[in-house]
Amino acid sequence: MSMTISNIPPKPHQKPNNPCFSSGPCAKRPGWNLDVLQDALVGRSHRSTEGRQKLKDVIDLSADILGIPQDWKVGIIPASDTGAVELALWALLGSRPVEMVSFDSFSAEWVTDVVKQLKLPEATIHQADYGDLPDLNKINWDHDVVMVWNGTTSGVKIPNDDFIPQHHDGLIICDATSAAFAMDLPWFKLDIVTWSWQKALGGEAAHGMIALSPNAVKRLEETEQLRPLPKIFRLLKQGKLNDKIFEGDTINTPSMLCVEDALDGLRWAQSVGGLQGLKKRCDQSLALIAQWVAQTPWVEFLASKKELRSNTSICLKIVDPWFVGLNDTEQKIAFSKIIKHLADEKAGYDLASYRDAPLGLRIWGGATVESSDIELLLPWLDWAFALVKSTY
């Protein structure tokens, strides 16, 4: 049944100051403009003294803000978070069985890598549907473990580290790309952690970061290399960790424009109170959306359990009987119209769920997004949904 025009809420008068809500690349930090790149070392070698220093500053500031233990090694890796995770999988896995924790599109990709590409014979998969977590108590910690800390495409986070024993024989590889700079990470329980510049601090894409615990370094140095590795996956030199990589001497050539942008994001993070300030900003946005969802009958969180809801990649599903009653093709058409109305009005960009995830909204609530913009977006969502519904 079609809605009458009177059922459509009036078009909101005010739009978000920044309508960018993409989950990657994410919104630039408030106040960002091209002037922040004026000191970029363009036209100079990244191997120059000045180039290495800028890269080392990215490493040091990242480690300081995230609270990474001093005996860890932190480095810049090619190919964003994907490259950093792939490096860890290919360089470290295979000497013992592996446990795979999968609850979103990207953790499913790591399962594919381990099972179909690396073809590791002893792989146990702990899998959950979108919106939930698998039973984490079934993990065998004598094995190596691969997990994401936050499901970028499912809106589900791991709520705490209680399930991880303080001492474990296997290594834990943690993809933290949409958790770093937004959530607490249990560094003293993890071994390899990865993230990218394009997520929580709104940096430009193409570069990833990896942090290695002493146990991870020991495994690299003491385990015979199990397979040939391309240059961008090699962290060893003559059997020992190549420390230069972790001092700013990157494996391949980074963009110095991206480096300058990353430095700007890190300095901004310091200015808002470091990790605690960043987390507070994310939590404020999640709280606003939660309040709106509680009052809005047509939408619900994809993660039904409150403690699992991400404060960065906030995923919602449409539950209105009209929408649920449509077939899959009709739902996709109706949803694309909602998204198009929002973009055409310049009220919100890139709000559709990830291509492999259930159809719905995904609102990036990372620290670079102002909660005031989230608040201004929500009436536009009501308006766009009602407008499309009225045409059916």
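Our structure's up above, just so we're on the same page.
Counting of residues starts from 1 at the beginning of each chain's written sequence and follows it residue by residue. Restriction of local features to residues with pLDDT of at least 70 applies here, the model being predicted, together with a cutoff of 80 or more for giving and counting side-chain atom pairs; totals for whole chains, interfaces and linings are based on all residues. Each side-chain value is derived from all of the structure's non-hydrogen atoms; neither hydrogens nor water enter the calculation.

A.B. asks: Please set out the packing of aromatic side chains residue by residue, giving values where relevant.
C.D. replies: Paired rings are identified among Phe, Tyr and Trp, the last through its six-membered ring, by centres lying within 6.5 Å, and are further divided according to the angle between planes into stacked (under 30 degrees), edge-to-face (over 60) and tilted (the rest). The tally for this structure, following the rule as stated, stands at 11 aromatic pairs. When the ring of Trp141 is compared with that of Phe163, the centres are 6.0 Å apart and the planes differ by 45°; the resulting orientation is tilted. Of this pair, Trp141 sits in the loop between strand E3 (123-127) and strand E4 (144-148) while Phe163 sits in the loop between strand E6 (156-157) and strand E7 (172-175); the two residues are 22 residues apart in sequence, bridging distant segments of the chain. Using a relative accessible area of 13% as the deciding quantity, one classes Phe163 as buried. Put simply, the rings of Trp292, Trp298, Trp322, Phe323, Phe385 and Tyr392 touch in pairs and so form one group of aromatic residues. Under the scheme used here, helices are H or I runs from DSSP no shorter than 4 residues and strands are E runs no shorter than 2 residues, and both carry numbers assigned from the N terminus. Relative accessible area decides the class of each residue, using a 1.4 Å probe on protein chains only: under 20% of the type maximum gives buried, over 50% gives exposed, and in between gives partly exposed.

A.B. asks: Give me the pattern of salt bridges: which residues, what numbers.
C.D. replies: Oppositely charged side chains can form a pair if their charged atoms are brought close together. Here, a salt bridge means any Lys or Arg side-chain nitrogen found within 4 Å of an Asp or Glu carboxyl oxygen. Considering all chains together, one arrives at 17 salt bridges under this definition. For the salt bridge of Lys28 with Glu204, the shortest nitrogen-to-oxygen distance reads 2.9 Å. With Lys28 in the segment before helix H1 (49-66) and Glu204 in the loop between strand E8 (192-196) and strand E9 (207-212), this residue pair connects regions lying 176 residues apart in the sequence. Among the residues examined, Lys28 registers a relative accessible area of 19% and is labelled buried. Among the residues examined, Glu204 registers a relative accessible area of 37% and is labelled partly exposed. Here Asp243 and Lys73 are joined by a salt bridge, their closest N and O atoms 3.2 Å apart. In this pair, Asp243 sits in the loop between strand E11 (240-241) and helix H5 (256-271) while Lys73 sits in strand E1 (residues 73-78), placing the two residues 170 residues apart along the sequence. Through salt bridges that share partners, Lys28, Glu204 and Asp261 make up one connected network.

A.B. asks: Summarise the packing of H1 against H5; cite the residues concerned and give the values.
C.D. replies: Helices that pack against each other are described as a pair by the angle of their axes relative to one another and the distance between those axes. Following both chains from N to C, one finds H1 and H5 inclined at 35°, their axes separated by 10 Å at the closest point. H5 is crossed by H1, and the crossing has left-handed handedness. Contacts between H1 and H5 involve Gly51, Lys54, Leu55, Asp57, Val58, Leu61, Ser62, Asp64 and Ile65 on the former and, on the latter, Met256, Val259, Glu260, Ala262, Leu263, Leu266, Arg267, Ala269 and Gln270. Gly falls in the polar group here, along with every residue not listed as nonpolar (Ala, Val, Leu, Ile, Met, Phe, Trp, Tyr, Cys, Pro) or charged (Asp, Glu, Lys, Arg). Here the contact of H1 with H5 is composed, by residue class, of 10 nonpolar, 3 polar and 5 charged. To get an axis, a line is fitted to the C-alpha atoms, and for a helix only the part in contact is used. The angle between two axes follows their N-to-C directions and goes from 0 to 180 degrees. Should the near helix be turned anticlockwise from the far one by less than a right angle, the crossing is left-handed, and should it be turned clockwise, the crossing is right-handed. By definition in these notes, contact holds between two residues if any of their heavy atoms fall within 4.5 Å.

A.B. asks: Could you give an account of unusual backbone geometry, naming the residues involved and the relevant values?
C.D. replies: Of note, the amide linkage connecting Gly24 to Pro25 takes the cis form, showing an omega dihedral of -10°. Even without glycine at this site, Phe181 takes up a positive phi of about 70°. With respect to the element layout, Phe181 can be found in the loop between E7 and E8. What makes Phe181 buried here is its relative accessible area of 5%. Despite not being glycine, Lys346 has its phi angle at roughly 60°, a positive value. Positionally, Lys346 belongs in the loop between helix H8 (328-344) and strand E14 (361-364).

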